[in-house]
Amino acid sequence: SGTYIERAFSNIPPADRSIGYSWWIRATSWQTGLWPVIIAQAWISVILFKDFIYQYQIPYRHVVLVVLTLILSCCSAYAYTVCHILADAFAPLGVLSLWLWWRFPSVTLGKKIFWLSLWTISIGVHYSHFLTGFIFLIVGIGVLATGSIYSRFKRGLLPIGIWIVVGLLLSWQQYLHNRPF
């Protein structure tokens, strides 16, 4: 965590990790402290859980959202991950946002932008998320998307493009500072 925090303000990427999460810290901390970072991570998590519940038309949505949040908070390591300065909080958020983007193509433009933005942040904050993102893109295009082969490929172009741009940005940032990728 200390490396992420320090690199958020020096903007020099560490040799062993992505600078993406440092950029996230800088963007969400408002240079006031670390609580806004934690609040932003928790808020995004709840919004994504709500989107998942609402898209699947689960009855008693408000109650299910509260119960799901309580269960994840009390019975899993997810609350621990979200409430710390850890890039790992974005792994499930990235996977869930990509799943929602593929599964529900007829949502509002605002939701699509939110889900793809979260996907972008998720693959940029940690190198392992970047590789995991590639695997999910391949699986998603091949299996999870519905419709014809052309529509699967077409729906996969935007996330693939985002994945490539994030990879180039991270590589360029590492190259500028003479660090390995």
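Here is a short report on the structure shown in this document. (Residues numbered from 1 in each chain as written. Predicted model: local features only at pLDDT ≥ 70, side-chain atom pairs only at ≥ 80, totals over all residues. Heavy atoms only, no water.)

Quick look at the pattern of salt bridges
Phase 1: Following the criterion strictly, the structure yields three salt bridges and no others.
Phase 2: Taking the shortest distance from any N to any O, the salt bridge between D51 and K50 comes out at 3.6 Å.
Phase 3: Given the relative accessible area of 2%, D51 is considered buried.
Phase 4: As a salt-bridge pair, K111 and D51 come within 2.6 Å of each other at their nearest N and O atoms. (Salt bridge = Lys/Arg side-chain N within 4 Å of Asp/Glu carboxyl O. Buried < 20%, exposed > 50% of the residue type's maximum accessible area, 1.4 Å probe, protein only.)

Focus on the environment of I39
Phase 1: Along the chain, the position of I39 falls in helix α3 (residues 35-55).
Phase 2: Distance from I39 to T28, taken between C-alpha atoms, is 9.0 Å for residues 11 residues apart in sequence. (Helix = DSSP H or I, 4+ residues; strand = E, 2+ residues; numbered from the N terminus.)

Section: the side chain of T81
Phase 1: Along the chain, the position of T81 falls in helix α5 (residues 78-82).
Phase 2: Take T81: its relative accessible area is 15%, and that puts it in the buried class.
Phase 3: When neighbours within four sequence positions are excluded, T81 is seen to be in contact with Q41, L86, D88 and A89. (Contact = heavy atoms within 4.5 Å.)

Describing the packing of α3 against helix α4 (residues 61-75)
Phase 1: Between α3 and α4, whose axes approach to 10 Å, the crossing angle comes to 135 degrees. In terms of orientation, α3 lies oblique with respect to α4. The crossing of α3 and α4 is right-handed. Together, V46, F49, K50, I53 and Y54 of α3 and R61, H62, V64, L65, L68, T69 and L72 of α4 make up the contact between the two elements. (Axes fitted to C-alpha atoms, helices over the stretch in contact; angles between N-to-C directions. Parallel < 35°, antiparallel > 145°, perpendicular 65-115°, else oblique. Left-handed = near helix turned anticlockwise from the far one by under 90°.)

Scope: geometric values only; no functional claims are made or implied.
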